[in-house]
Amino acid sequence: MAVTVHHVCSHLSSFHPVRTRLPTRPNSRKFNANSVRCDGSIETQRVTVKNGNDSLEICRVLNGMWQTSGGWGRIDRDDAVEAMLRYADAGLATFDMADHYFFHWEMAELLNCSFSQFTFNPIEIETKRGTQVQKLSSRPIQCVLTEDNRTVVVKNGKDSLDICRVVNGMWQTSGGWGRIVRDDAVDAMLRYADAGFTTFDMADIYGPAEDLYGIFINRVRRDRPPEFLENVKGLTKWVPPPVKMTSNYVRESINVSRKRMDVAALDMLQFHWWDYSNPGYLDALKHLTDLKEEGKIKTVALTNFDTERLQIILENEIPVVSNQVQHSIVDMRPQQKLAELCQLTGVKLITYGTVMGGLLSEKYLDTNIAIPFSAPPLNTPSLQKYKRMVDAWGGWGLFQTLLRTLKIVATKHGVSIPTVAVKYILDQPAVAGSMVGVRLGLSEHINDCNAVFSLVLDEDDVNSIQEVTKKGKDLLRVIGDCGDEYRRA
């Protein structure tokens, strides 16, 4: 899915929070010259802000913690707390955070605990492994797909994983969609799992997503029968910087996700790489394959890789089972090149952006975003991301034509527009599963997701949708192959 960035990247881009302009304070209240003071201390490093009896001494250089909320690299909790202690020991004792920066408050609480609880483990760097490109053998890698209505098994040799075809995407926990309350979020995850939506997709860079999964999986272990636990799957992504991919570096990075998710083995590790000019992605994938052989990872997969690089990876005999890419009724790029290679090799597609952050819904039907306040605001990272995709494809007018067509199809079958949008992509060649983002504890769409499995789109439905989509621009020409949107200058 659905890799914010993203992703990952929808997933992999970082977004600045929206700042709301506060109304101007009425002028009726007068302030005297001494009502509010900011007194510098004798020691120039600190300052006291004061209003009447209220005062607070702070360091004049503040440690800003927005960077822990995702998009600046993976944060390991214990290492982060150790770093905070070093700042405090150096006299930089004031930390700035926000409710929507997520797990900052937990780090602050940890500072109050005994310092002996924390350890810092440096990463040792080893010599880079050499790479040798091999041609596909006469017995190509096979990913055998068996499926019923709700689940699919992606299989490559002895590696297999049973997942739900509608995947719960957790990019929405990383900030920008509303405040996530931990206990409410875990309760919501349990409701999705109890309804049969037992597959959760996350990433190391999605803020607290992996930590939430770790709490959730322990609730499942405690409160649900063993056979229920077997059906729950956690798919995560690793989005490393383009540094030397040594065995030890890869191992330490994967161990962080295993620790956060509280699992002995990751069900699926989906690998993202930023820069194709750096061939280190092959080294990383070979080390990930070694970890799979050691039982640390059950299946190795990709996210946001294009057709050319997928072929190179397969020629190097790396047994990937899937590639997670952006795919929707508007963005049909995966069907133009990538799906053909996937059908030849057995690699499956897991899709994200399938409902375009909610744009493909009744909420945006018959709206004109050019007129202020006449349409729902585009106030989340996903809405903003996929609005840009609409602009590249054909603009808001053509998009409205598409929504009206989808509404006719949805009404005919007694379902919603998002249900039609997801089912249309699940019916595409090589697609094993589609991501639907979850705003845990804030809103739910279990009923719409359940309707996907009973919906059958007939030939008239498909033809009416394609009559609109063929009027849009060819995004393969506009943007490039899958994942190129994250690598363009």
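Sequence order as written defines residue numbering, which begins from 1 separately in each chain. Local features in this predicted model are restricted to residues of pLDDT 70 or higher, and side-chain atom pairs are both shown and tallied only at a pLDDT of 80 or more, whereas totals for entire chains, interfaces and linings draw on every residue. Think of the side-chain values as coming from all heavy atoms in the structure, minus any hydrogens and water.

1. Describing the pairing of strand β13 (residues 233-238)
Logical step 1: With a 1.4 Å probe rolled over the protein chains alone, any residue whose accessible area is under 20% of its type maximum counts as buried; one over 50% counts as exposed, and the rest are partly exposed. A helix here means a DSSP run of H or I that spans at least four residues, while a strand means a run of E at least two residues long, and both kinds are numbered starting from the N terminus. With six of six residues buried, β13 lies mostly within the body of the structure.
Logical step 2: Residues of β13 alternate between two faces, with Lys233, Leu235 and Lys237 on one and Gly234, Thr236 and Trp238 on the opposite face, all of them buried.
Logical step 3: Relative to β13, strand β12 (residues 199-201) is paired through three bridges, and the arrangement is parallel. Bridging from a neighbouring strand, Asp201 pairs with Leu235 of β13.
Logical step 4: Any two strands with at least two DSSP bridges between them are considered paired. Bridge count between β13 and strand β14 (residues 266-271): four bridges; the pairing is parallel. Bridge pairing in β14 places Leu235 opposite Met268.

2. A word on the nonpolar core
Logical step 1: For this analysis, a nonpolar core means a set of buried residues of the types Ala, Val, Leu, Ile, Met, Phe, Trp, Tyr and Cys, connected via side-chain atoms within 4.5 Å. Counting 122 residues, the largest nonpolar core has Leu288 and Phe399 as the members making the most contacts within it.
Logical step 2: For this core, the leading source of residues is helix α11 (residues 395-413), giving eight residues.
Logical step 3: Only heavy atoms enter the contact rule, under which two residues are in contact if any of them lie within 4.5 Å. Those residues within four positions of Leu288 in sequence are excluded, and the remaining contacts are Trp238, Val250, Ile254, Leu269, Phe271, Ile297 and Val300.

3. What about the sheet that holds strand β18 (residues 431-437)?
For sheets, the rule is that strands pair by backbone hydrogen bonds, running either parallel or antiparallel.
Logical step 1: Taken together, eight strands build a closed barrel; the order of strands is β11-β12-β13-β14-β15-β16-β17-β18 and the barrel is parallel. Going across the sheet, the axis of each strand differs from the next one's by a mean of 30°, ignoring polarity. Comment: axis = line fitted to C-alpha atoms, over the contacting stretch for helices; angle = value between 0 and 180 degrees taken between N-to-C directions.

4. Describing the side chain of Lys233
Logical step 1: Note on placement: Lys233 falls in strand β13.
Logical step 2: Just so you know, the count uses Lys and Arg for positive and Asp and Glu for negative, and it drops His and the chain ends. What counts as a salt bridge is simple: a side-chain nitrogen of Lys or Arg found within 4 Å of a carboxyl oxygen of Asp or Glu. Despite being buried, Lys233 has no salt bridge partner; Asp267 is the closest side chain of opposite charge, sitting 6.0 Å away.
Logical step 3: Not counting residues up to four positions away in its chain, the partners in contact with Lys233 are Leu161, Asp162, Thr198, Thr199, Phe200, Tyr213 and Asp267.

5. Remarks on the pairing of strand β15 (residues 297-303)
Logical step 1: Burial of β15 is extensive: six of the seven residues sit out of reach of the surface.
Logical step 2: Note: β14 against β15, five bridges, orientation parallel. Paired with Leu266 across the strands is Ile297, a residue of β15.
Logical step 3: The handedness of the β14 to β15 crossover, carried by helix α7 (residues 280-293), is right-handed.
Logical step 4: With three bridges connecting them, β15 and strand β16 (residues 320-326) associate as parallel partners. By the bridge assignment for β16, Val300 is matched with Val320. With strands facing away from the observer, any crossover in which the path from the first strand over the helix to the second runs clockwise is taken as right-handed.

6. Section: the pattern of salt bridges
Logical step 1: Summed over all chains, the structure comprises 29 salt bridges.
Logical step 2: Counted as one network, the salt bridges with shared partners bring together Lys158, Asp159, Lys292 and Glu293.

7. Describing the packing of aromatic side chains
Logical step 1: Stacked, tilted and edge-to-face pairs are distinguished by plane angle, under 30 degrees for stacked and over 60 for edge-to-face with tilted covering the rest, among Phe, Tyr and Trp rings (Trp via its six-membered ring) whose centres lie within 6.5 Å. Scanning the model with the defined rule gives 14 aromatic pairs in all.
Logical step 2: Throughout this description, the term charge over a ring refers to an Arg CZ or Lys NZ atom that lies within 6 Å of the ring centre and within 35 degrees of the ring normal. Over the face of the ring belonging to Phe228 we find Arg224, whose NZ or CZ atom lies 5.9 Å from the ring centre.
Logical step 3: A cation over a ring is seen here: Arg487 above Phe305, with NZ or CZ 5.9 Å from the ring centre.

Any link to function would need more than the numbers given here.
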